[in-house]
Amino acid sequence: MAEADIAYVATAGAAGLALALSAWAARLRGRLAERNTVLEAAMQRAQADLSARDGALAAFEDVRVALTPGGGADRLGSPATWELIVRDLTNGVEVFPDDPAYVVLDAVREVAGPRLEALLERGEAFDAVLEGESGAWAVEGRSAAGAAWLRLSRLGLIGTAAESGLGLLADYYPAPTWVVDAGGRLAWANRAWLAEMKVETVEAARDKSLTFDRGADAIVAEAGRLHQRQEGFRWTTGGGRRRAWRIVAEPAPGGGVLAFALDMTEAEETRDTLRRHVEAHDETLNHIADAVAIFGPSKRLAFHNTAFQQMFSVDPGYLDERPTHAELLDRLRQRRLLPEVIDYAGWKARELDFYGASAAAPDDSWSLPDGRTLRVVRQPHPLGGVLLLFSDITDELKLRSRFNAQLQVQTATLDKLNDAVAVFGSDGRIRLHNEAFESFWGVTGEQLRAAGDFDAVAALCQAAMPDPSLWLGLKARVADPDPESRVPISGEGRTVDGRTAAWQTRPLPDGATLVAFSDVTARRELEQALAAKAQALEEATALKREFVGSVSYELRTPLTTIVGYSELLELQGDLPERSRQHAGAIRVAASQLATSIDDVLDMAQIDAGEMELTLGDVRVCDLLDTAAEKVRARIEGRGAVLTVACPTGLRPIRADAQRVGQALEHLLDNAARAVGEGGSVNLIAEGSPSEVRIRVEDSGRGIPYHLQAHVFDRFVRRERGGPGVGLALVKALVELHGGWAEVESEPGKGAAFILHLPLEAASVAAAPELHLGTGF
């Protein structure tokens, strides 16, 4: 292409580009004009909104400060409010800050410096209070959209509301109510709070720094710190009594707290009374012997007493876990503490069906595998659920069985008695009678049961014994409850058919009375016959005693003559020796006969109770020596040895020396007849604190065992001594002194007679001699 063409083309292109640029520039100017119009409209709206915002902020007593990262502060709010805040925070001192926001910022930094830094760095919100001259200002620090803001508002919760109906309602609210500001100072209180504090105005309470209670103050402070509702319970003392309060603290706008004190004294006293009542109820149930278990509406164990745990031997820890009724039944079944039934599932279901019942179930009994029998009582609990009462009646059933058996035995025993017996209760009705009672009075059991009371029974019996005084006396013993009337009495009477009937009453337990009748006709006839025989026997005894006395005295007279002439013959010198021996034999036999007669007379005197002892102080050793000398020649003449043993310190006894010596002579005479060549006779005395024992021992042939029990009987044939009263007289004389005699013997090895004499024998015939002491 030529250069001219190239230049033409270039010129044409440049012209087209210029036209295109002009068209684009025109369109761009149009768009810019439209945008300017839109921006101007938006700016006008923003200025209107800003003016509305400033107006809204200026309408209220609160201001805001916008914090910039560089430490700057932009203020928002009414200038008048800013002026008030600055004057309030500077205590009226005139300052000329570049910007009032910095005055607020410096004041906030003084009271909440670290929290202000946390707000700027990490966006952590905080609340604070600035104290001013005319009041307090609440400071709220918040972050929004990456910016930090401070909001200041006047503290005060009671404004127009206090003057409205709500304020009046709060002022007359009966519970103490008060308001504290963000600084914890009392801002307002109602009439009840002022009355409780005994002041007339809130200003007076502030001046005295009065608070409701330190614990309540802590609850209110906690609610202000956490901005959450707090509740607590406090007891206070005032007016001579303790009162319970429920403290409710509710955070309010501006950092203050609204507090209520609700009087819970009556409720707490009621709760305490109920608690003590429940404890006393539980303690009472724990002291009864029956087992108690209470299941609540949820079928869980709510209470059990100690007897329940002991009766079933259940672990207390398991019961404290409050198992369900079904679980407890399963646990008892595993330990074989429930009745063994075939269908346990059905039995268990019936036990649990009682929940919801309106009336108590009939008493039931459980027979446990361990042999116990339990009475089970089920009844609805007033608070819902079931109350179960278990009583161990094993012993009761055993006692009842034994009682029934004893009653049957008693009835059978009474029926076997010959006496007519009837038992009347305290109400006068006949309770029990035997068959002999029916036979004695000629009545039937049906008649007695139909009669019932004592008067009707007496009417049936009066036909056989019509003695009105008898039945009146018996009725007084049966029906009168006076203890003086309920005494045993007895008597006799005669029936219309001539029988002699003896009757008696005996009081029984529980006010019952036993009345018994017996036919004593044969007994009285026998007693009369025995009385006649006794009288005849007494007369025969008197005649025998008179006869014995007369015969004895009659025999003693010729014996005295015989003894005297025999002694006279022995003294004649021209009498042959053989004749002299015969005269001596006659004298000895006569002397023995006289002794026997004296013994018989003594026994008769003792039997008649006419023998009296002449008591004196007797030295036992002297008594033994005297008795031994009288019989020594006879014993030694038979080739035997007589030994006397008496301790030197033996104390004297109070006795009749003649009668004790007479008893020793009989025993020594008996020993002399029993001993033989080379034998021995021992006369021994022994002392003790209460008696003196005298032993007469011989080495003779002894006494057979079957005769030892009768050796002291009178007129009994003996192997030693023959029949007589010698040993019987010995026993009688010792017993007359208050002692006793015994014999010890082994056949073939001799015998020993022992006399037990008391130290003091009492008798009206005792001589008034001085009592000798020991040492003789």
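Residues numbered from 1 in each chain as written. Predicted model: local features only at pLDDT ≥ 70, side-chain atom pairs only at ≥ 80, totals over all residues. Heavy atoms only, no water.

Overview of the overall build of the protein
Item 1. Within the protein, the regular secondary structure consists of 24 helices and 27 strands.
Item 2. Within the span of the protein, comprising 776 residues, buried residues form 37% of the whole.
Item 3. With an accessible surface of roughly 45100 Å², the protein has 55% of that area assigned to carbon and sulfur atoms. (Helix = DSSP H or I, 4+ residues; strand = E, 2+ residues; numbered from the N terminus. Buried < 20%, exposed > 50% of the residue type's maximum accessible area, 1.4 Å probe, protein only. Areas by Shrake-Rupley, 256 points an atom, 1.4 Å probe, with all protein chains shown as cover.)

Quick look at the nonpolar core
Item 1. Core analysis: the largest hydrophobic core is formed by 47 residues, its most contacted members being V620, I653, L664, L683, I694, F753 and L755.
Item 2. Residues F312, W366, L368 and L388 belong to the second largest nonpolar core, which totals 28 residues. (Core = buried A, V, L, I, M, F, W, Y, C linked by side-chain atoms within 4.5 Å.)

Re helix α13 (residues 344–352)
Because each turn of an α-helix spans 3.6 residues, side chains separated by three or four positions in sequence point in the same direction.
Item 1. Listed as buried for α13 are Y344, G346, W347, K348, E351 and L352.
Item 2. Close packing links the buried residues of α13 with α12 (325–334), β13 (364–367) and β14 (373–380). (Contact = heavy atoms within 4.5 Å.)

Focus: the packing of helix α17 (residues 454–461) against helix α18 (residues 468–479)
Item 1. Between α17 and α18, whose axes approach to 11 Å, the crossing angle comes to 155°. What the angle tells us is that α17 and α18 run roughly antiparallel. Viewed along their axes, α17 and α18 form a crossing whose handedness is right-handed. Seen from α17, the contacting residues are F454, D455, A458 and C461; seen from α18, they are W471, L474, K475 and V478.
Item 2. A per-class count over the contact of α17 with α18 returns six nonpolar, no polar and two charged. (Axes fitted to C-alpha atoms, helices over the stretch in contact; angles between N-to-C directions. Parallel < 35°, antiparallel > 145°, perpendicular 65-115°, else oblique. Left-handed = near helix turned anticlockwise from the far one by under 90°. Nonpolar A, V, L, I, M, F, W, Y, C, P; charged D, E, K, R; others polar.)

Focus on the sheet that holds strand β24 (residues 680–687)
Item 1. Here five strands make up an open sheet; going across it, the order is β22-β24-β25-β27-β26 and the pairing mixed. The open sheet terminates on both sides in strands that have one partner only, identified here as β22 (641–645) and β26 (740–745). With direction set aside, neighbouring strand axes in the sheet form an average angle of 15°.
Item 2. Where strand β25 (residues 691–698) meets strand β27 (residues 751–758), eight bridges bridge the pair, whose relative direction is antiparallel. What sits directly across from E697, in β27, is A752.
Item 3. On the sheet, helix α21 (residues 620–637) packs against β22, β24 and β25 and is oriented at approximately 180° with respect to β22.
Item 4. Lying on the sheet, helix α24 (residues 726–736) is in contact with β26 and β27; it crosses β27 at an angle near 25°. (Pairing = 2+ DSSP bridges.)

Digging into the pattern of salt bridges
Item 1. One pass over the full model with this rule turns up 39 salt bridges.
Item 2. Here R243 makes a salt bridge to E196, at a shortest N to O gap of 3.2 Å. On the criterion of sequence distance, the pair formed by R243 in strand β9 (residues 241–251) and E196 in helix α6 (residues 191–197) is long-range, its members being 47 residues apart.
Item 3. A salt bridge links E492 to R524, with the nearest nitrogen and oxygen atoms 2.0 Å apart. With E492 in strand β18 (residues 489–494) and R524 in helix α19 (residues 521–571), this residue pair connects regions lying 32 residues apart in the sequence.
Item 4. Assessed through its relative accessible area of 43%, E492 is described here as partly exposed.
Item 5. When its relative accessible area of 22% is taken as the criterion, R524 is described as partly exposed. (Salt bridge = Lys/Arg side-chain N within 4 Å of Asp/Glu carboxyl O.)

A short note on the side chain of E351
Item 1. Tracing the chain through its elements places E351 in helix α13.
Item 2. Apart from the residues lying within four places of it in its own chain, the contact partners of E351 are H325, L329, W366 and R378.

Digging into the packing of aromatic side chains
Item 1. Scanning the entire structure with this criterion turns up 19 aromatic pairs.
Item 2. Summarising the aromatic geometry, the rings of W441 and F517 are spaced 4.9 Å apart at their centres and angled 85° between planes, so their arrangement reads as edge-to-face. Taken as a pair, W441 in helix α15 (residues 435–441) and F517 in strand β20 (residues 513–519) lie far apart in primary sequence, 76 residues in all.
Item 3. By way of ring pairs, the aromatic residues F308, F312, Y344, W347, W366 and F390 are connected into one cluster.
Item 4. The ring of Y318 carries the charged tip of R331 above its face, separated from the ring centre by 4.1 Å. (Phe/Tyr/Trp six-rings, centres within 6.5 Å; stacked < 30°, edge-to-face > 60°. Lys NZ or Arg CZ within 6 Å of the ring centre and 35° of its normal.)

Points about the confidence of the model for the protein
Close inspection of predicted coordinates is inappropriate in any region flagged by low pLDDT.
Item 1. Here the protein averages 78 in pLDDT, and 85% of its residues register 70 or above.
Item 2. Residue range residues 157–164 is modelled with pLDDT below 50. Its contacts to residues more than four positions away, or to other chains, number 11 contacts.
Item 3. Taken as a whole, residues 764–776 scores under 50 in pLDDT and shows 28 contacts with residues more than four places along the chain or in a different chain. (pLDDT = per-residue confidence, 0-100.)

Quick word on unusual backbone geometry
Item 1. Backbone geometry at K198 places phi at a positive 65°, although glycine is not the residue there.
Item 2. A residue is classified by how much of its surface remains accessible, and K198, at 70% relative accessible area, is exposed.
Item 3. Not every positive phi belongs to a glycine, and S209 is a case in point at roughly 55°.

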